[in-house]
Amino acid sequence: MGALAPGPTGIGTASTRLGVAAGRPEDRVYCPGPVRDDPALGRDVNDRLVDWAREVGIYHGQYEALRGCGFGRLIMLTHPATDDPDRLLAVAKVGLALWSTDDHLVDEAVLGADPARLGSRLAIAFAAVDPAHLPAAYAPRLERALRDEPVAMAYRGALDHFSRYASVTQLARLRHEICVMFMAYNQEAEWRRDRRTPPVWEYLVHRHFNGFLPCIVSVDAVAGYELPPAEFADPRVRRVFTMAGSACVLLNDIYSRGRESDADTDLPKVVAAERRCGEREALDHSVDLHNELMHTIEAEAAALGPAGTPALRRALADIWAWLGGSHEWHATSPRYHHTTGVTS
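Everything quoted here is computed from the prediction, not taken from an experiment.

### Comments concerning the overall build of the chain
Within the chain, the secondary structure is distributed over 17 helices and four strands. Taking all contacts inside the chain whose residues are at least 6 apart in sequence as the whole, residues at least 24 apart take part in 75%. Of the accessible surface of the chain, which amounts to about 14,200 Å², a share of 55% is contributed by carbon and sulfur atoms.

Next comes the structure, spelled out in structure tokens:
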């Protein structure tokens, strides 16, 4: 394990963390600190992840820019329960496959995104997530289509690696969350096609489905235990998981705004449009919404833990650690504070 953050870091110990510069809205972000910071481990996972991206073909020609984003550091920070680089690489591959879907299929024309083809390409990619079994005469055609789609090959490789550490139930859980995210990508494509800015409530629904939940539901598999299915499916537990996914992606909106194109939709933009306000007011309100979720997560997780199994208490602590590690990465990553060439 690397250097641990000083002081307590569990549920109920969050504090307002300083952002990039004094006086910015990020100064008021409510989030715990990172549990573990091991730069060497982060670099190791990052280097392995970039090598894998080159193998499967995602982010072609942008590998040094990808390395500069430090996604391996993100995974090291968000999963402090293990220092096994291969376990961390398994979930890092899943995260990068998800990110590549957004970039290659939804957002970035330079990487081949085409809104008119989004639905068909998502369906092909999902045939790698949840393998499709066609009659024999047609199966080779699907296989060719999968091999021609780097995002699909990323999912195939990522889930194969992840399955070494996840139970059948944990793998099915992850597939479900990826499917939900794919549905949300179509909603985003509709806004772009129609040049429509959604109201804030609709955007928040979108972020409930298109957030960091696929990564967060994997905390137990990465740490080497399993949250019992009955507890995972408990609506109160599900509520904590989904709010964590939403809070983290709203944090991403706050930090990534400087990288967004005019065609992108993010929380500060939809707030500014709905409230007819300037950027600073929109950012302040976005931070307020993030913080409300964080306070609710903290309170509800603290109430759930004492009555739950040891696995539930561990999962709640791992979710909290994930949020703290994510904030540390967003606040320090060159992806959001320097030009790296890899998008959003």
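### With respect to the state of the cysteines
Applying the stated rule across the entire model yields zero disulfides. Free of any disulfide, Cys31 has its nearest cysteine sulfur in Cys248, 7.9 Å distant. Overall, the relative accessible area of 2% leaves Cys31 in the buried class. The thiol sulfur of Cys215 is not disulfide-bonded, and the nearest other cysteine sulfur, from Cys248, lies at 8.3 Å. Cys215 sits in the buried class, given a relative accessible area of 10%.

### Quick notes on the nonpolar core
It is characteristic of soluble globular proteins that their nonpolar side chains tend to be buried jointly. Counting 107 residues, the largest nonpolar core has Ile58, Phe71, Leu96, Tyr155, Phe241, Ile297 and Leu323 as the members making the most contacts within it. Counting residues per element, this core draws most heavily on helix α13 (residues 235–256), at 12 residues. In this structure, Phe241 is in contact with Leu213, Ile216, Val217, Leu227, Phe232 and Ile319, ignoring residues within four places of it in sequence.

### Looking at the pattern of salt bridges
For the structure shown, the criterion picks out 23 salt bridges. Residues Asp284 and Arg28 are paired through a salt bridge, measuring 3.6 Å at the closest nitrogen-oxygen approach. Of the two residues, Asp284 is situated in helix α15 (residues 279–304) and Arg28 in the loop between β2 (15–16) and β3 (30–31); the sequence distance between them amounts to 256 residues. By sharing partners, the salt bridges in this structure join Arg28, Arg280, Asp284 and Asp288 into a single network.

### Structural notes on the side chain of Glu188
Topologically, Glu188 is positioned in helix α8 (residues 168–194). In contact with Glu188, not counting residues within four places along its chain, are Asp102, Val106, Asp107, His206 and Asn210.

### Some thoughts on a nonpolar patch on the surface
Taken together, the side chains of Met183, Trp201, Val205 and Phe209 make up a nonpolar region of the molecular surface, amounting to roughly 400 Å² of accessible area. When residues in the nonpolar patch are grouped by element, the largest group, three residues, is from helix α9 (residues 200–209). The exposure class of Trp201 is exposed, given its relative accessible area of 59%.

### Details of unusual backbone geometry
A positive phi angle is found at Tyr59, which is not glycine, with a value near 60°. Among the secondary structure elements, Tyr59 is positioned in the loop between α1 (39–56) and α2 (63–69). Its identity is not glycine, yet Arg195 carries a phi of approximately 55°, on the positive side. When you line up the elements, Arg195 lands in the loop between α8 and α9.

### With respect to α9
An α-helical turn contains 3.6 residues, so a residue and the one three or four places further along point in the same direction. Buried within α9 we find Val200, Glu202, Tyr203, His206 and Arg207. Buried positions in α9, seen along its axis, are confined to an arc of 160° and lie on one side of it. Each element contacted by the buried residues of α9 is listed here: α8, α13 and α14 (267–275).

Reading the values: the criteria
- Residues numbered from 1 in each chain as written.
- Predicted model: local features only at pLDDT ≥ 70, side-chain atom pairs only at ≥ 80, totals over all residues.
- Heavy atoms only, no water.
- Helix = DSSP H or I, 4+ residues; strand = E, 2+ residues; numbered from the N terminus.
- Contact = heavy atoms within 4.5 Å.
- Areas by Shrake-Rupley, 256 points an atom, 1.4 Å probe, with all protein chains shown as cover.
- Disulfide = S-S within 2.5 Å.
- Buried < 20%, exposed > 50% of the residue type's maximum accessible area, 1.4 Å probe, protein only.
- Core = buried A, V, L, I, M, F, W, Y, C linked by side-chain atoms within 4.5 Å.
- Salt bridge = Lys/Arg side-chain N within 4 Å of Asp/Glu carboxyl O.
- Patch = residues over 30% accessible without salt bridge, like charges linked within 9 Å, V, L, I, M, F, W, Y side chains within 5 Å.
- Arc of directions from axis to C-beta.

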